[in-house]
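# Fold and contact review
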Amino acid sequence: MVFRKVFKLDKQIIELTLPSNFIGKLVEIIAFTIPEIECKSQKQGLFKKLTVVHVDNSGYKFNRDELYEN
């Protein structure tokens, strides 16, 4: 299981609440800085990346021989 939280620090000490299913497990905490641009675009584009595409393939019949024709 992966838990990720991105936030901008306003002080040196932070408190992190982890999911309850982490209790009793080994947990590794890694902290590193990321470019501010990546942080902003991640928040703004979070739901834009989820796209539903509807394709009508009701009349399509797969032809294996056609696959290898050049």
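Remember, it's a predicted structure, so these values are computed and weren't measured experimentally. Counting of residues starts from 1 at the beginning of each chain's written sequence and follows it residue by residue. Local features are withheld for residues below a pLDDT of 70 in this predicted model, meaning they are given only at 70 or higher, and side-chain atom pairs are given and counted only at 80 or more; totals for whole chains, interfaces and linings count all residues. Remark: hydrogens and water are excluded; side-chain values derive from all non-hydrogen atoms of the structure.

### Here we look at the overall build of the protein chain
The secondary structure content of the protein chain amounts to 2 helices and 0 strands. Classification of the 70 residues of the protein chain by burial places 4% in the buried group. Only the protein chains shown count as cover for residues, and all accessible areas are computed by the Shrake-Rupley method using a 1.4 Å probe. Summed over its atoms, the accessible surface of the protein chain is roughly 8000 Å², and 56% of this surface lies on carbon and sulfur atoms. In DSSP terms, a helix is any run of H or I states spanning at least four residues, a strand is any run of E spanning at least two, and both are numbered starting from the N terminus. Exposure classes here rest on a 1.4 Å probe applied to the protein chains alone. A residue is buried below 20% of its type maximum, exposed above 50%, and partly exposed in between.

### Overview of a nonpolar patch on the surface
A grouping of Phe-3, Phe-7, Leu-9, Ile-14, Leu-16, Leu-18, Val-27 and Ile-29 is seen on the molecular surface, where their side chains present a nonpolar patch of about 680 Å² in accessible area. For Phe-3, the location among the structural elements is in the segment before helix H1 (36-44). Judged by relative accessible area, Phe-3 falls into the partly exposed class, the value being 34%. Residues with no salt bridge and a relative accessible area higher than 30% make up the patches, which join like charges within 9 Å and nonpolar side chains (Val, Leu, Ile, Met, Phe, Trp, Tyr) within 5 Å. Any Lys or Arg side-chain nitrogen found within 4 Å of a carboxyl oxygen on Asp or Glu counts as a salt bridge.

All we've got here are geometric facts, nothing functional implied.
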